[in-house]
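Chain and residue survey
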Amino acid sequence: MSATNQSSSTRPLPPGTVLGPDGKPCKICTSFRNWKLPTSSRATTASPNKGDAAQAMASATALAASAAAGEGDTHTRRSAHCPPDVESLGRATWTFLHTTAAYYPESPTPTQRAHMLQLLHSLPQLYPCSHCAGDLGARLQRRPPDVRSRAALSAWLCATHNEVNVMLGKPTFDCARVDERWKDGPKDGSCD
Ligand SMILES: Cc1cc2nc3c(=O)[nH]c(=O)nc-3n(C[C@H](O)[C@H](O)[C@H](O)COP(=O)(O)OP(=O)(O)OC[C@H]3O[C@@H](n4cnc5c(N)ncnc54)[C@H](O)[C@@H]3O)c2cc1C
């Protein structure tokens with residue numbers, strides 16, 4: 001996997017395009033704002049001829065940090081009928097994972113624990129953004145999921161999401177508010 005602004009064909013790719021494991025441009029690994037060729041010139045964070053996974057991760061991370069800083073706003077609009085990019089896929093996946101954790105049993109059976117472990121450990125194998133999947137796999141190795149209870153799983157997932165937030169230059173989330181965000185809604189009733 002590598003990141004480059006030049007494909008094997010002669011057609012130049014938008015700056016910051018991430019290549020997948022097959023060496024081809026990987027839409028689902030790239031933010032739409034970086035996939036769309038901008039009309040004005042922008043600095044690229046991708047380096048041609050540095051074709052390793054570390055470079056791809058550095059490039060994608062720098063681009064996400066740029067997005068977190070609000071850069072590239074003119075390239076952020078994306079129609080609802082379009083396939084997901086790395087950001088919309090991420091938001092949907094976090095929504096699914098945090099909501100699933102929020103409704104996980106307080107006292108899960110051994111079978112429920114095993115299913116949850118299978119779900120989480122399958123992500124590094126199946127998640128379509130390949131550099132995200134590799135990164136998550138390493139995190140699961142370093143800090144294995146805690147599936148002993150609803151509270152433990154929600155806390156583990158919140159901490160894992162925060163690790164990704166930090167890597168991408170995004171603010172961390174207050175994990176004391178994870179139930180409010182994903183299950184109960186705010187106390188002011190604005191989501192009731
Ligand atoms: C497993 C996984 C790995 C990923 N790896 C990468 C990667 O390597 N590179 C990359 O560019 N992108 C990666 N992404 C996508 C990235 O994490 C974001 O989803 C994407 O950049 C969109 O970010 P966002 O700012 O819209 O909010 P998101 O980070 O998608 O968060 C969605 C919402 O969750 C809430 N939230 C935020 N943090 C927490 C938390 N700690 N606990 C609970 N709730 C929280 C907030 O309300 C936020 O609006 C990954 C996504 C997933 C699911």
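Data block above holds the structure.
About the criteria used
- Residues numbered from 1 in each chain as written.
- Predicted model: local features only at pLDDT ≥ 70, side-chain atom pairs only at ≥ 80, totals over all residues.
- Heavy atoms only, no water.
- Helix = DSSP H or I, 4+ residues; strand = E, 2+ residues; numbered from the N terminus.
- Buried < 20%, exposed > 50% of the residue type's maximum accessible area, 1.4 Å probe, protein only.
- Contact = heavy atoms within 4.5 Å.
- Areas by Shrake-Rupley, 256 points an atom, 1.4 Å probe, with all protein chains shown as cover.
- Phe/Tyr/Trp six-rings, centres within 6.5 Å; stacked < 30°, edge-to-face > 60°.
- Lys NZ or Arg CZ within 6 Å of the ring centre and 35° of its normal.
- Near = heavy atom within 4 Å.
- Polar contact = N/O pair within 3.5 Å; in protein donor to acceptor, adjacent residues only side chain to side chain.
- Nonpolar A, V, L, I, M, F, W, Y, C, P; charged D, E, K, R; others polar.

**Section: the overall build of the chain**
On a plain count of helices and strands, the chain comes out with seven helices and zero strands. Written out in order from the N terminus, the α and β elements of the chain read α-α-α-α-α-α-α. Expressed as a percentage of the 192 residues in the chain, the buried residues total 41%. Sequence separation of at least 24 residues holds for 58% of the intrachain contacts in the chain that already meet a minimum separation of 6. For the chain, the accessible area works out to roughly 10900 Å², and carbon and sulfur atoms hold 56% of it.

**Digging into the packing of aromatic side chains**
Enumeration over the complete set of coordinates arrives at zero aromatic pairs. Positioned over the ring face of Tyr103 is Lys183, at 5.4 Å from the centre of the ring.

**Concerning the site of the ligand**
Lining the immediate surroundings of the ligand are 24 residues, of which Arg91, Cys158, His161, Lys170 and Arg181 lie closest. Side-chain polar atom of Lys170 to an oxygen atom of the ligand: 2.9 Å apart, as the coordinates give it. Contact distances for the ligand include 2.7 Å between an oxygen atom and a side-chain N or O atom of Arg181. Relative to its free-state accessible area of 950 Å², the ligand is covered by the protein chains to the extent of 87%. Listing elements by their share of the shell around the ligand, those giving two or more residues are helix H3 (86–102), helix H5 (130–142), helix H6 (150–167) and helix H7 (178–184). When residues of the shell around the ligand are assigned to their parent elements, the largest contribution, seven residues, is made by H3. A class-by-class count of the residues in the shell around the ligand yields 13 nonpolar, seven polar and four charged.

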